[in-house]
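# Inside the fold
Here is what each chain is made of, one letter per residue.
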Amino acid sequence: MTEEQASAFAAAALANVTREYPRHISHLLKGPGESLEQRTLHPAFFGSYDWHSAVHMHWTLARLLRLYPGISLARTIAERLDAHLSRPALEAELRYFVVSQTFERPYGWAWLLELQAELLRLGNARWSGAVQPLAAELAQRMASFVKGAPYPIRAGSHGNTAFACLLSLDYAKVAGDSDLSDQIKAAARRWYGSDRDAPLAYEPSLDDFLSPALVEAALMREVLPPAEFGAWLKDFLPSMELDPPKVADRSDAKQSHLDGLALSRAWCLTKLGQPEAAQRHLAAGLPHVVGGHYVGEHWLASFATLALTAEALKNP
């Protein structure tokens, strides 16, 4: 990532985390008279169109601040994180989860955990301390969820369990949460260990911002020892030849997912030691991260940041 890109992504994230409207609300009404005022229910994550996008745009700010502390927006980022990641705000977020057991499962849970992982890496005890109670609650829920789930979710969108497990496993490593790590590794082996012949020809669907095959492979790379992973990958994904997705209408919220798909594929392909394929997908997705329609701009900077700061496979 260049410093120019970092600044552009930071500016997009800063604008979005305080933008209240339009807002997509996911809320289970339990009776008449309930308030849906988002600043009250979600004082930390009220912007960026929906809760999970607000969370991962805060993650974007935290990661950019850690990797590019000298960018011109660094002070503004710190001020925004100070305002949003306060103890009172996160206490309100936790209260919401206490009465909403499946809200944002598993995608939003995983992004909250990844946000906390980044705050711990950043070393700001004030921010990570405020987020910690909610992170601990969602880590426990995630461990219980993957332990009890007889099947994975193989969708190319929010429900995908491999993507959620990848982010959650990163948190588990940074936070030293051995129970969460053990449950994810056991679930991944149970869900995906016998998979063969990934149906790449059926990707993508119009709703996809994840490749079910590539994100599964990226997770198994983290779960299996190198030799075992190599044998598994040969049977599961002998080829990673995928054309970048085509987008006909970037004002359509579902079609805009396909720009995210190009970026998340680049993230996975980098992790899997396929730099040339990753670059093809980056070239397709990066021009549309900022400056476009809000249905894409409220979230794409996060996936661009993932892709451009991915850890490459050391022994492809």
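The coordinates are above.
These figures come from a predicted structure and were not determined experimentally.

### With respect to unusual backbone geometry
- Geometrically, the link from tyrosine 21 to proline 22 is a cis peptide bond, its omega value of 0° lying close to zero.
- For proline 22, the location among the structural elements is in the loop between α1 (3-17) and α2 (38-41).
- In the segment running from glutamate 203 into proline 204, the intervening peptide bond is cis, with an omega of -5°.
- With respect to the secondary-structure elements, proline 204 resides in the loop between α9 (178-192) and α10 (212-223).
- One non-glycine residue, serine 48, adopts positive backbone phi at about 60°.
- Examined against the element boundaries, serine 48 turns out to sit in the loop between α2 and α3 (51-67).
- Although it is not a glycine, aspartate 197 adopts a positive phi angle of roughly 55°.
- Looking at the secondary structure, you find aspartate 197 in the loop between α9 and α10.

### Examining the environment of proline 133
- If you trace the backbone, proline 133 turns up in helix α7 (residues 125-148).
- Along the primary structure proline 133 and leucine 73 are separated by 60 residues, whereas in three dimensions their C-alpha atoms are 29 Å apart.

### Thoughts on helix α11 (residues 226-236)
- Along α11, the positions that sit buried rather than exposed are Phe229, Trp232, Leu233 and Phe236. Taken down its axis, α11 places every buried residue within 100° of arc, on the same side. Exposed side of α11, more than 90 degrees from the buried face: Ala227 and Lys234 are the residues found there.
- Against α9 and α10 lie the buried residues of α11.

Rules used in this analysis
Residues numbered from 1 in each chain as written. Predicted model: local features only at pLDDT ≥ 70, side-chain atom pairs only at ≥ 80, totals over all residues. Heavy atoms only, no water. Helix = DSSP H or I, 4+ residues; strand = E, 2+ residues; numbered from the N terminus. Buried < 20%, exposed > 50% of the residue type's maximum accessible area, 1.4 Å probe, protein only. Arc of directions from axis to C-beta. Contact = heavy atoms within 4.5 Å.

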